[in-house]
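Residues per chain are reported as follows:
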Amino acid sequence: MNDTFDYQVKSLVSMVQRLHKTGGMDRALEARVRTFVSGELLGGGLPDVTARALGELDDAEADRLHALVNHCSQTFYRTDSIWSAFAIPVAVNWHLRDHQIYIAKRGGREYLDELASGIRQCVGAEAIFLDNHIYSAKELFMADARKLHDHLQHLVIGSPRGTAVLKSMALRSASEPPWRVVYFLGVEVLNVKTSRRLNDPGVQEALQSYLHLGADALTMPKSPMFDKAARGETHCLSPRYLYDAIHDGRKAMRGFRLRQILEEISKEEKRATLHYALSPMWDSVNLLLSGRWLTFEMRWELTRAEVKEDFFHDAFAITSRVKNIECPIQELEFEDFQAARSTSNLVDFWKT
């Protein structure tokens, strides 16, 4: 058993090293690595060989293998087709109306079918299937490859699921934090000779005219239910391959929440200062948005390969768009940030 395991690790390490030397241009070799990684991910157990191989590669080689693991966790190569998971983030900021609660457990089928048709035309797919249930970022991100594959298989051919289904969620117009992002899950079915194009800039631009359908699927404009029980904003973001869509959704939620605080402050004040400090673990940015009288605290988690400069770029873009308030951005050392926090008149706010 150990001999077999060691041989598999050695073989995978060798293939990745050779692939890296070609700059990833050896398609046949890439397919062999992809087939091995996919087989281990879909085998139902832990990817032990891949995990060991990652530890034996240098940083650049490990990054290449890790990228293939991410790819194989959301893209499934079948005999005659490629199934790619994608998601559509929808940002909502709903409030109660007339003491009634609006609850959405799934999107309107007619709107999602029209949206799926638009996506299929833009990407040139053989078929697009959209699940009308609503999912959280955590549920989609944490789904292992086998569970995701079985869920997509059910969407495409209606087959029985071999593992537990993904857990959907419900949206309510009350008792929720402002500005949430939820997701519709879909699968793109392509011919094996067709390139995956959903994330291409030209396709993304063409998709913009269909995005209102994602918002309509939740607010149901043809039904009086939403207007009777809720009010607020709903914004549909562009469909992207799964992990990219989750990344986009999280960034959008951070931006909407920061913008909302600034807009509230701007009703009373003409200037606020955004202080920020990178956390000791480098996995988040801590924020203090200080006006003359009040200070709001936020925690801005960094996703994937984001760095401090990405935060600054996004924060600057957001603060620049809010009218009637000046908002300089200043970096602090973490210790100085903690000291400023301890002397501020803090208003409790949500973590992002």
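In short, a report on the structure. No experiment lies behind these values; they were computed from the predicted model shown.

**A word on the pattern of salt bridges**
Enumeration over the complete set of coordinates arrives at 12 salt bridges. One network of salt bridges, in which partners are shared, links E233, R259 and E263.

**A short note on helix α3 (residues 48-56)**
Every buried residue of α3 is listed here: V49, T50 and A53. Relative to the axis of α3, the buried residues are bounded by an arc of 95° and lie together on one face. Contacts made by the buried residues of α3 are with α1 (2-21), α2 (27-41) and α4 (59-74).

**Some words on the packing of aromatic side chains**
Counting across every chain of the model gives 5 aromatic pairs. Ring geometry for W179 against F256: centres 4.1 Å apart, planes inclined by 10°, an arrangement best described as stacked. Here F256 lies in helix α11 (residues 242-266) and W179 lies in the loop between β5 (171-172) and β6 (180-191), a separation of 77 residues in the sequence. Pair check on accessibility: W179 and F256 agree, each one buried. Members of the aromatic cluster, each reached through a chain of ring pairs, are Y276, W300 and F311. Here the basic side chain of R78 rests over the ring of W83, its NZ or CZ set 3.8 Å away from the ring centre. Across from the ring centre of Y241, 3.8 Å away, lies the NZ or CZ of R196, which sits over that ring.

**So, the side chain of H275**
Its location among the elements puts H275 in strand β9 (residues 273-278). By relative accessible area, H275 is classed as buried at 17%. In terms of polar contacts, H275 uses its side chain to reach the side chain of Q330, at 3.3 Å. Beyond its immediate chain neighbours, meaning those up to four positions away, H275 contacts N286, L287, L288, S290, Q330, L332 and F337.

**A look at the packing of α3 against α4**
Across the interface, α3 lies against α4 with an axial gap of 9 Å and an inter-helix angle of 155°. Looking at the two axes, α3 sits roughly antiparallel to α4. The way α3 lies across α4 gives a crossing that is left-handed. Residues T50, A53 and L54 of α3 form the contact with α4, whose participating residues are A62, L65, H66 and V69. Each residue belonging to the contact of α3 with α4 can be placed in one class, and the counts come to 5 nonpolar, 2 polar and no charged.

**Details of the nonpolar core**
Of all hydrophobic cores here, the largest spans 49 residues; its most connected members are L65, L140, L152 and L242. Excluding residues within four positions of it along the chain, L140 makes contact with A87, Y135, L166, Y183, L185, L242 and I246. Formed by 34 residues, the second largest nonpolar core is a distinct cluster that contains F184, L207, A217 and L218.

Rules and cut-offs
Within each chain, residues carry numbers counting from 1 in the order of the written sequence. Per-residue local features of the predicted model are confined to residues with pLDDT of at least 70, and side-chain atom pairs are confined, for both listing and counting, to 80 or more; whole-chain, interface and lining totals are unaffected and use all residues. As a convention, hydrogens and water are excluded, and side-chain values are obtained from all of the structure's heavy atoms. What makes a salt bridge here is a side-chain nitrogen of Lys or Arg within 4 Å of a carboxyl oxygen of Asp or Glu, nothing more. Classification of residues uses two cut-offs on accessible area relative to the type maximum, computed with a 1.4 Å probe and protein chains only: under 20% is buried, over 50% is exposed, and between them is partly exposed. In this text, helices come from DSSP runs of H or I with a minimum length of four residues, and strands from runs of E with a minimum of two, each type numbered from the N-terminal end. Along the arc lie the directions from the helix axis toward the C-beta atoms. Note on contacts: a residue pair qualifies if any of its non-hydrogen atoms lie within 4.5 Å across the two residues. Centre distance within 6.5 Å is the pairing criterion for rings of Phe, Tyr and Trp, where only the six-membered ring of Trp is used; planes under 30 degrees apart are then read as stacked, over 60 as edge-to-face, and the remainder as tilted. By definition, being over a ring means that NZ of Lys or CZ of Arg is both within 6 Å of the ring centre and within 35 degrees of the ring normal. A 3.5 Å cut-off defines polar contacts: any pair of N or O atoms within that distance qualifies, except that in protein one atom must be a possible hydrogen donor and the other a possible acceptor, and neighbouring residues in sequence count only when both atoms are side-chain atoms. Helix axes are fitted to C-alpha atoms over the stretch in contact, other axes to C-alpha atoms as well, and angles between N-to-C directions run from 0 to 180 degrees. For this classification, under 35 degrees means roughly parallel, over 145 means roughly antiparallel, 65 to 115 means roughly perpendicular, and everything else is oblique. Each crossing gets its handedness from the near helix: less than a right angle anticlockwise from the far helix is left-handed, clockwise is right-handed. Each residue is assigned to one of three groups, with Ala, Val, Leu, Ile, Met, Phe, Trp, Tyr, Cys and Pro labelled nonpolar, Asp, Glu, Lys and Arg labelled charged, and all others, Gly among them, labelled polar. As used in this record, nonpolar core signifies buried Ala, Val, Leu, Ile, Met, Phe, Trp, Tyr and Cys residues forming a set joined through side-chain atoms within 4.5 Å.

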